[in-house]
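Descriptive structure summary
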Amino acid sequence: MSGAQPSARLSPALTVVVNAARKAGRRLLRDFGEVENLQVSSKGPGDFVSQADLRAEETLREELRRARPGFAFLMEESGESPETDWEWRWVVDPLDGTTNFLHGIPHWAISVGIERRTGPTTSEIMAGVIYNPASDELFWAEKGRGAFLNDKRLRVSGRRDMNAALFATGIPFAKVRQRAEFSTTLARLMPQVAGVRRFGSAALDLAWVAAGRYEGYWELGLNRWDMAAGMIMVKEAGGYVTAPSEDGDPYASGDVVAGNPHLHGKLREAVVEGISFVAGRRAEAAAGSDG
Ligand code: IPD
Ligand code: CA
Ligand code: CA
């Protein structure tokens, strides 16, 4: 079934994305087979980009543009396309999990979200595809139509007990500020749950919440391309995706808590506790240095 289209009827726009992702995926798999020959450069401490990321982005751009010349782009490596009056745009991470890829670990994905502008400063993710070429797992979702893995309809997990719950996260690296918040949340959560995983691809973390493999996932400091497709995947599978704060916007802030409806609230509490605890300590330290 490798390379087959899901038989559930894809919308025309999703068909375009699936074809583009499969093409970029074949290219990435070739590069993955010869990873030691790739040129790699650093975008900052702990943040790498390889020839494979750049080639995959190019393939995706060409394929998507050819099929929908009027759509704008937000792409990890090349940024925003110049149109400011877009109604539709592709939000693309050509290779999510670059560090895994460069270490020969087959856990990385192409992530493409389809975003629609709904007002001068508002937008909505209408559909998304997350494709792991190494396992040939194609996750896709469309607003109001559900989330799927290849042909199978996805539902978030039904677990209700924290002590049976498996959560995923991303450990902040150098460019992310919230390291102390992360450690505090992790310390609070660890004794209560069955486990916490850090597999290294935010897009797949979200897709795996949608698939019911994890009860939830949190990460601070993400970019839009890491989560556009994953957010709709979780929602369409019956889960919740929020920011840590009640009224925050995960897509705008980059701080994300996703989970099944039973445990999302508890996971969010632990994330908020981490953030508030560190804010309190910082306030105390600032008051101490003033006096
Ligand atoms: C990274 C991965 C990782 C997450 C980082 C992302 P990249 O994306 O999704 O799991 O923890 O925050 O930046 O750099 O591999 O595309
Ligand atoms: Ca990413
Ligand atoms: Ca990337």
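1. Comments concerning the overall build of the chain
- For the chain, the helix and strand inventory stands at 8 helices and 15 strands.
- Counting only C-alpha atoms and orienting by the principal axes, one finds that the chain spans roughly 60 × 45 × 40 Å.
- For the chain, with 291 residues in total, the buried portion stands at 53%.
- In the chain, 63% of the contacts between residues at least 6 apart in sequence involve partners at least 24 apart.
- For the chain, the exposed area adds up to about 13100 Å²; of that, 50% sits on carbon and sulfur atoms.
- Averaging the locations of the 35 positively and 38 negatively charged side chains of the chain gives two centres separated by 4 Å.

2. Describing the coordination of the calcium ion (ligand 3)
- Protein-derived coordination of the calcium ion (ligand 3) comes from E76 (OE), D93 (OD) and L95 (O), at a distance range of 2.2 to 2.4 Å.
- For the calcium ion (ligand 3), the donor residues sit on a single chain with the sequence spacing E-x16-D-x1-L.
- Taken as a pair, the calcium ion (ligand 3) and the calcium ion (ligand 2) lie 3.7 Å from each other and share D93 as a ligand.
- Given the relative accessible area of 1%, D93 is considered buried.
- For L95, a relative accessible area of 1% puts it in the buried group.

3. A closer look at the pairing of strand β9 (residues 146-149)
- Burial along β9 is two-sided: the residues G146 and F148 and A147 and L149 are all buried.
- Here strand β8 (residues 137-142) pairs with β9 via 4 bridges, running antiparallel. By the bridge assignment for β9, E142 is matched with G146.
- Taken together, β8 and the strand that follows it, β9, pair antiparallel across an intervening segment of 3 residues, in which G144 is found at a positive phi of about 80°.
- Examined bridge by bridge, β9 and strand β10 (residues 152-153) share 2 bridges and lie antiparallel to one another. Counted as the bridge partner of L149 is K152 from β10.

4. Some words on the sheet that holds strand β15 (residues 256-259)
- The mixed open sheet is built from 5 strands, whose spatial order is β12-β11-β13-β15-β14. Edge positions in the sheet fall to β12 (195-197) and β14 (240-242), since each of these pairs with one other strand and no more. Adjacent strand axes in the sheet meet at a mean angle of 15°, parallel and antiparallel pairs treated alike.
- Its contacts with the sheet place helix α4 (residues 179-189) against β11 (166-169), β12 and β13 (216-219), and it is angled at close to 155° to β13.
- Across the face of the sheet, helix α5 (residues 202-210) comes into contact with β11, β13 and β15 while running at roughly 155° to β13.

5. Some points on the pattern of salt bridges
- By the definition in use, this model includes 14 salt bridges.
- The residue E58 makes a salt bridge to R61 at a minimum N-O spacing of 3.0 Å. In this pair, E58 and R61 are both assigned in helix α2 (residues 51-67), 3 residues apart and thus about one turn of the helix distant.
- By relative accessible area, R61 is classed as buried at 18%.
- In this structure, R89 engages E80 in a salt bridge whose closest nitrogen and oxygen atoms are separated by 3.1 Å.
- Its relative accessible area of 5% is what places R89 among the buried residues.
- The exposure class of E80 is exposed, given its relative accessible area of 56%.
- Three or more residues joined by partner-sharing salt bridges are found here, namely K23, E63 and R66.

Rules used in this analysis
- Residues numbered from 1 in each chain as written.
- Chains lettered and ligands numbered in written order.
- Predicted model: local features only at pLDDT ≥ 70, side-chain atom pairs only at ≥ 80, totals over all residues.
- Heavy atoms only, no water.
- Helix = DSSP H or I, 4+ residues; strand = E, 2+ residues; numbered from the N terminus.
- Buried < 20%, exposed > 50% of the residue type's maximum accessible area, 1.4 Å probe, protein only.
- Contact = heavy atoms within 4.5 Å.
- Areas by Shrake-Rupley, 256 points an atom, 1.4 Å probe, with all protein chains shown as cover.
- Lys, Arg positive; Asp, Glu negative; His and termini not counted.
- Charge placed at Lys NZ, Arg CZ, Asp CG, Glu CD.
- Donors = N, O, S within 2.8 Å, 3.2 Å for Na, K, Ca; no water.
- Pairing = 2+ DSSP bridges.
- Axes fitted to C-alpha atoms, helices over the stretch in contact; angles between N-to-C directions.
- Salt bridge = Lys/Arg side-chain N within 4 Å of Asp/Glu carboxyl O.

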